[in-house]
Structures are given as structure tokens and as C-alpha cells.
Amino acid sequence: MKRNILIGLLSVVCVFSAVGQKQLTNEAIWTGQSPFRMKSVESVRSMNDGEHYTALNYSKDGWTIDKYSFASYDKVGTILAMKDLSMDKVVAQNYDFNKDETKLLLETNIESIYRRSYTAKYYIHDLNNGKTSLLFDEPVMHASFSPDGKHVAYVYKNNLYVKSLDGTDAVQITSDGEYNKIINGSADWVYEEEFAIAKAFQWSPGSDRIAYIKYNESEVKEFQMAMYGPLYPDQYTFKYPKAGEDNSIVSVHIFDLNKRKTKDLLIDTWEDYYVPRINWTTKNNELLVQVMNRHQNELHYDLYTIDENAAPQKHNISKKTIYKETSKTYIEIDDNLIFTADGKSFIRTSEKDGYNHIYSIGFDGSSSQITKGEWDVIEFKGLDAKKGIIYYLSAEDGAMYQNLYAINLKGKKKIKLSSKQGNNSPIFSKGMKYYINYHSSANTPYYITLHNNTGKELKVLEDNKAYNKVLEEYNVPKKEFITVDGADGKLNGWVIKPNDFDPNKKYPVYLAIYGGPGHNTVMDMFEGATFLWQCMLAQQGYIVVSVDPRGTMYRGEKFKKSTYMQLGKLETEDMIATAKWLKKQSWVDGDRIGVQGWSYGGYMSSLCMTKGADFFKMGIAVAPVTNWRYYDSIYTERFMRTPKENADGYDDNSPINHVEKLKGPYLLVHGSADDNVHMQNTMEMINALVSANKQFDLFIYPDRNHGIYGNNARLHLFTKMHNFVKENL
């Protein structure tokens, strides 16, 4: 009798405990009043001494640029209080120091253009005399101090300018810039998006030369997007080279500030080529230019040397190819490039041994491999030139982990500096003496710590205890890593189960997918609002799963490049295999597996709903590519070559060619102002579905770009997707 009473009391306690738990809602996740506010340490910028850094802060007294000690993390002063500026209403959204840290370049009124580019009004503030001056009357792009801090270069209306800080007028370096025709010193759309380059000019170390790239996009075809804000919609027109179409013709030039003359570099390797990067070496007369063929399977490092003693009338620039790499598929472009202090070599990464590793390349053509093993280096973090130590991030512990390592230039004395497994993203001080580490894991937000370069933790800067408490209050489920049987081997995945998960009960499954090159969804890192939304589905009785198919990152070149020439084919096979694996699990309702993805993930969810129609009950495609012929040249041709060369590869795995297979409920979503994956993709999918007499759901977000945000768009979108899942899965 007493035992029954005790059981009854425990049951009541459990009921009240469950009732007391807050439940996740779209409003709690996506509105400005969201309780989920993760704290961070932002705008960290090392000062020259390597012992201090600055950060942009806000308090009741206004915006300030404050100075902190790396060693103690204590605030030691204020560099600038915006309220003290000599010009009214100047509030910096970003800033840069000149070389001797006596002047600041303040960015205000920032207006985004594309993913990385923007215009801003710039002010120059002299910290010695407190005076502030406007760089230029109009918004400009890419304003940058010269290394000696005496000049600022910038781009205005597609032309490159340089202004001396001694008060003299700006010098206009180019005059042929014209919208949708010629761009000087700023990347065109496709270079910015696919080569991750926005600013396309570089100061020489001696501050007397500027190297820049000119993009002649006259023959690139224009794309138009209607902007529906005004009474009569505007047509936004920009140059966008689709697969197989004309690219910009690029050229590289060097402007001499002393002679006020421009020299043109001779690039004669290929008729149709890319210049993804230009970098001055440690020497003032050497420019390293990366040149790549259109297939992106051959990369040259061309060293251009200026003969300082040549007669003025002669072409005094010589060229030498100091390194060349080829691939049967394609070569990745990144910023993993460091010049050694002696000016005789550089450090870069390459996949030429089957995994992405670090190599030392001599200007004399010599080469040596620094890191080795069946794992990928992810990113350089810097070189301690005095000690000869490279700091880098790698996936040595598995594709879902990112950890910090140190190794010397001879490939010896490798040390793992990360003490916490998960995702580690460090910011180093100049001189590499300290770093601030941003750690998160699948279920824990940022844990930010200060370290010295041996990895020793000096101080906890932010532990996000309040955020973790909110996660507990909302009873947020945990993400677990799993291994799934793919079509041709094991795949990494994760699963989020309801808190009251019963292995003897069968649950519907929501499969979240990306699946494309360059991005993994299965990472041991905290993913904020998206993760919380997935947890909301789990709280409501769904199991949420994600899997990285073949073609994704950090499992070596063979795994990543297996999808070459046939994007979508192997990935779809792996998603179908994932559905089959799920059906075998005792806790899965095999007739209720849905799929959702965004961008490449929208492409994949569309293929799953057509080619994999027998395995997926419902699907959501946000901003999907539906035909690779509609996407840009650099990205698409990297993996597929041109439509003329690979017509079957393009057509066999385009969802528009498989719509007759569609069976389940299918939701299409797109932003009408998507400059990346054009709404044209969705319109063509609509036409194909209508022709096949297939019913579907559609929602268009007017004037929203690829991210679909602003003015409650995220709340609306995720509410719509939530409702669609509830009704159809």
C-alpha cells in the first residue's frame, strides 16, 4: 500500500515537472524577444605589440573602441569614444588602424551589396590631435590604409583611387570603370561568391605600389530581378555568368604612386582563365599571382618581379612560374598562404597526396610536405616566424571535429592545443603569443577562453551559463552522433530524439539535408536557432536526422570529389540508403520520412522527392537549384565542367527532369531577389510540375535574397515549414 502511494506521488511530481518545463515555439526562437541570446567576445583585433587588443563596445555612454590586455583580459583604456569625435553623429560600425596605430579608418553607414561586398562612408580619425575628417563625400568600397599608414586606397564607381593623408587631393588610378562593364579593384559577382574575394587590390610592402585586378564584364550576360518595393517595380540588372557562358576577362596591373604610371602584367597561360588571388611577397618588387584554367584543374603560381634598375621606357616586369599543380578533378582556392620571413618560400595547403595537407614551396621550385596522415587540414591560423611554428585547424579526430594544432616547419613536434573536443575557432594575437578560443559543441554554446600559444588556458572570458540555463528551462533535447549505412560505405550523421523517447515506439523522421560540396551539416558545433527549431520538432514527437553523403568535406579527396561530373547522383543514392537504414530501426515509422533542405539542400530534397519518391513522404525545398545550367560558371564548372562537355551530367540529375516521379506533398520556397540561386530555378520547377500535372505548394518572399530574412521573414518561413511538416508528416 505504501509502495503504491509512493509511486503515485512520484507520478504527480513527474507530471508537475513536465508541466513546468517551457516548450520551444517559433516565436521563442525567431523573434527579437527570443530568450536564446548567446554571448560572445566580438570585434577582437590584435594590436601591434601582440600584448593588447581592441574591441568595439556599446554602453549607456555610447560606442567606444576599448583596449584590453591579452595576458589578463582586463580593460586597460579607451582608444576612442564616438561621442568625443570632432564630427557629429559619426558612429563606427567597423574600424582599422594604420601601421603605427596613430590613425583610425572608421566605417559608417554600411550598405550591403552582395555576400561580402558593401559600400560605406569612411572617416579618418587622428588619435594624436583628435581630428576627424571625411575620406570622400560619397560611400565607397574597400578603403584600406597603405602599410606605412600615409595613404588610403578605395574603389568608387568601379574606379580605383588613392588619397594621401597629408591633405592633398585623391589620385584617380583608373578612369574606365563603368557599371556592368569594367570593374577596377573590386571583384565581380561570381568571383566574390565563388572565390570569396571582394577587394581586388593589394598594397605593396613599401606602400609605393598598388596591384589590382580589372574585370572586363562587357560580354557577360545580364540577369534581371524585379524589386517590388516601389509603385512600379524596378529591374535590378547585374552581370551573372551561368555555366558555359562568357566570364569576365581579367587582367592584373601595378600602379606606381611615385611615377603615377600603371604597368600591365602579361598573363598568357590560357585563353580563358581565372585570377583568384594576388599577393605581394615580403619583397616590395615581387607579386605572386595565382592563375587557374577554366576547368579549375590546373593552378599556376606566377611570380612577377619588377626590375628596379630598368630604363623607364622598358617593360621592367619579368614573370616566372614557380609552382604548378594539376588535378584529375579540380583544385580548391583558399587563403591558406603564408610567406616566410626570408622571402624564399611560402606555405600553402594541397590535396595532392589525397588529403589536404601543408606544404612548404620554395621560390626555386623545391617542395616539402609538412603535415601527413589520413585527415584534412582545415585552415591556417598563422606562422610564428621567430620559432618556425605553424598553427592550424584540422579534422584529425574526425570530419565532425575542428581542433587546433601546432607543428614546426620541418613537420616535427606536432602538438594538439585544443583541450575540449568539438569545434574550436581561435583568434591569435600578432606574434602568435596568445589566442582567444571560441569553443562550442553540438549541445553547448560558445565557451570562450584566453590561452597562451602552448594551449594553456589563462582565463574564461565567457561561459554562457545563462544561455545554458535557458536551454535547461526549455528542456532542449540533445543531439547524438550516429553512423549510417550509405550506398557505398559508412556515413556520419546525427539524431535528435524526443526527451521521452521510447525505443519500442515508432516515430516520424524529419531528415535535414545540405549534402553539397564545401559544407557539412554533421559537425560537433552549436548551430543556434536552426538547432533549436529542430529540437522543437523533436519535442513535438519527431525524430530529426542529418547525414553527410559522399561529396562532403574532411574525409579526404576521394570522398569529397567522388561526385565530380555528376552532382546529385551519389548524394541522392546516399540519402535513399539513409532512408532504407532508418526504416530498419525499430523506433522509425518507415512510411513517415520527410526531407528538407536550403540551397544545395533544396536541390537535394527535390531529388529525394522525385528520384527517391518511394522513400520520402514529404519534402521542403528552400531556394533550390533545379537545373545546374542556371547556376554560375565558377561553381558549377568546378564540379561539372560545361553543359557542352557534360550534357548528361547536367540533365540526369536535374529535378526538373524527374518531376513525373513526385508522389508526396512538396513545398517550394524562394526569395524573389535571390542574386545567388535565382528564382528562375523555382519558376522552371513550377513549369515542369505543371506540365506533369503534379500538385505542390509554393511560397515566394518578395525582395528577399538567398538568406530570406528581414521584417519577420525568418519567423514566417519557419512557421510555414513547421505547419507543413505537422500537416504532412
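Given the structure is predicted, the values throughout are model-derived calculations rather than measurements. (Residues numbered from 1 in each chain as written. Predicted model: local features only at pLDDT ≥ 70, side-chain atom pairs only at ≥ 80, totals over all residues. Heavy atoms only, no water.)

> Give a detailed account of the side chain of Thr 578, specifying residues and quantitative values.
Mapped onto the elements of the fold, Thr 578 is located in helix 7 (residues 569-583). If sequence neighbours within four positions are ignored, Thr 578 has contacts with Val 484, Asp 485, Leu 491, Leu 511 and Val 547. (Helix = DSSP H or I, 4+ residues; strand = E, 2+ residues; numbered from the N terminus. Contact = heavy atoms within 4.5 Å.)

> Please give an account of the pattern of salt bridges that cites residues and values.
According to the stated counting rule, one finds 39 salt bridges in the structure shown. Glu 637 serves as the salt-bridge partner of Arg 294, at 2.7 Å between the closest nitrogen and oxygen. Taken together, the residues span a long stretch of sequence, with Arg 294 in the loop between strand 21 (286-293) and strand 22 (298-306) and Glu 637 in helix 9 (residues 633-640) at a distance of 343 residues. Pair check on accessibility: Arg 294 and Glu 637 agree, each one buried. The shortest N-O distance in the salt bridge between Lys 319 and Asp 302 comes to 3.9 Å. Taken as a pair, Lys 319 in strand 23 (residues 317-326) and Asp 302 in strand 22 lie far apart in primary sequence, 17 residues in all. (Salt bridge = Lys/Arg side-chain N within 4 Å of Asp/Glu carboxyl O. Buried < 20%, exposed > 50% of the residue type's maximum accessible area, 1.4 Å probe, protein only.)

> Explain the sheet that holds strand 43 (residues 697-701) residue by residue, including any values.
What the eight strands build is an open sheet, ordered 36-37-39-38-40-41-42-43; its pairing is mixed. The open sheet has two edge strands, strand 36 (479-486) and strand 43, and neither has a second partner. Neighbour-to-neighbour, the strand axes of this sheet turn through a mean angle of 20°, independent of strand direction. Alignment of strand 38 (residues 507-513) against strand 40 (residues 588-598), held across six bridges, turns out to be parallel. Bridging across to strand 40, Leu 511 finds its partner in Val 595. The sheet contacts of helix 7 involve strand 36, strand 37 (489-496), strand 38, strand 39 (543-548) and strand 40, and relative to strand 36 the element is tilted by about 110°. Relative to strand 41 (residues 618-622), helix 12 (residues 713-728) is tilted by about 165°, and along the sheet it contacts strand 38, strand 40, strand 41, strand 42 (666-671) and strand 43. (Pairing = 2+ DSSP bridges. Axes fitted to C-alpha atoms, helices over the stretch in contact; angles between N-to-C directions.)

> Could you give an account of the packing of helix 5 (residues 528-539) against helix 12, naming the residues involved and the relevant values?
In a packed pair of helices, the relevant descriptors are the angle between the two axes and the axis-to-axis distance. Helix 12 packs onto helix 5 with a crossing angle of 25° between their chain directions and a minimal axis gap of 12 Å. When the interaxial angle is binned, helix 5 and helix 12 end up roughly parallel. In this structure, the crossing between helix 5 and helix 12 has a hand that is right-handed. Contacts between helix 5 and helix 12 pair Trp 533, Met 536 and Leu 537 from the former with Phe 718, Met 721, His 722 and Val 725 from the latter. Looking at the contact of helix 5 with helix 12, its residues break down into six nonpolar, one polar and no charged. (Parallel < 35°, antiparallel > 145°, perpendicular 65-115°, else oblique. Left-handed = near helix turned anticlockwise from the far one by under 90°. Nonpolar A, V, L, I, M, F, W, Y, C, P; charged D, E, K, R; others polar.)

> For the packing of aromatic side chains, give the residues involved together with the corresponding values.
In this structure the tally under the stated criterion is 53 aromatic pairs. Ring geometry for Tyr 53 and Phe 70: centres 4.9 Å apart, planes at 50°, overall tilted. Of this pair, Tyr 53 sits in strand 2 (residues 52-59) while Phe 70 sits in the loop between strand 3 (62-69) and strand 4 (75-81), and the two are 17 residues apart along the sequence. Overall, the relative accessible area of 1% leaves Tyr 53 in the buried class. Relative to Tyr 73, the ring of Tyr 53 has its centre 6.1 Å away and its plane inclined at 20°; by these criteria the two rings are stacked. (Phe/Tyr/Trp six-rings, centres within 6.5 Å; stacked < 30°, edge-to-face > 60°.)

> Account for the pairing of strand 41, naming residues and giving values.
Across the five residues of strand 41, five count as buried, placing the element largely inside the fold. Side chains Met 618, Ile 620 and Val 622 project from strand 41 onto one buried face, and the interleaved Gly 619 and Ala 621 project onto a second face that is buried too. In this structure, strand 40 lies alongside strand 41, joined through five bridges in parallel fashion. Paired with Gln 596 across the two strands is Ile 620, which belongs to strand 41. After leaving strand 40, the chain enters helix 8 (residues 600-610) and then returns to the sheet as strand 41, a path that is right-handed. (Right-handed = clockwise from strand over helix to strand, strands pointing away.)

> Please provide a residue-by-residue account of helix 11 (residues 680-691), values included.
The first and last C-alpha atoms of helix 11 sit 16 Å apart over 12 residues, in line with the 16 Å expected at 1.5 Å per residue. All of the buried residues in helix 11 are Asn 681, Thr 682, Met 685, Ile 686, Ala 688 and Leu 689. One side of helix 11 holds all its buried residues, which, seen down the axis, span an arc of 165°. Opposite its buried face, helix 11 presents the exposed residues Val 690 and Ser 691, each directed more than 90 degrees away. Where helix 11 is buried, its residues touch helix 8, strand 42 and strand 43. Following helix 11 by one or two positions, Asn 693 has its phi on the positive side, about 55°. (Expected span 1.5 Å × (residues − 1). Arc of directions from axis to C-beta.)

> Explain the sheet that holds strand 24 (residues 337-339) to me, using residue names and the numbers behind them.
With antiparallel pairing, four strands are arranged side by side in an open sheet as 24-25-26-27. Strand pairing shows two members of the sheet lacking a second neighbour, strand 24 and strand 27 (367-369), which therefore form its edges. The sheet shows a mean angle of 20° between the axes of neighbouring strands, direction not considered. Inspection of the sheet shows strand 26 (residues 357-362) paired to strand 27 by three bridges, in the antiparallel sense. Within the sheet, the bridge partner assigned to Ser 360 lies in strand 27 and is Ser 368.

> Give me the packing of helix 7 against helix 8: which residues, what numbers.
As a packed pair, helix 7 and helix 8 sit with axes 10 Å apart at the nearest point and diverge in direction by 65°. Judged by the sense of rotation from one axis to the other, the crossing of helix 7 with helix 8 is right-handed. Contacts between helix 7 and helix 8 involve Glu 571, Thr 572 and Met 575 on the former and, on the latter, Tyr 600, Met 604, Leu 607 and Cys 608. Looking at the contact of helix 7 with helix 8 residue by residue, the class counts come to five nonpolar, one polar and one charged.

> Summarise unusual backbone geometry; cite the residues concerned and give the values.
For residues besides glycine, phi is generally negative; the peptide bonds are generally trans as well. Despite not being glycine, His 142 has its phi angle at roughly 60°, a positive value. You can call His 142 buried: its relative accessible area is 11%. Despite not being glycine, Asn 711 has its phi angle at roughly 55°, a positive value. For Asn 711, the position within the fold is in the loop between strand 43 and helix 12. Given a relative accessible area of 74%, Asn 711 falls into the exposed group.

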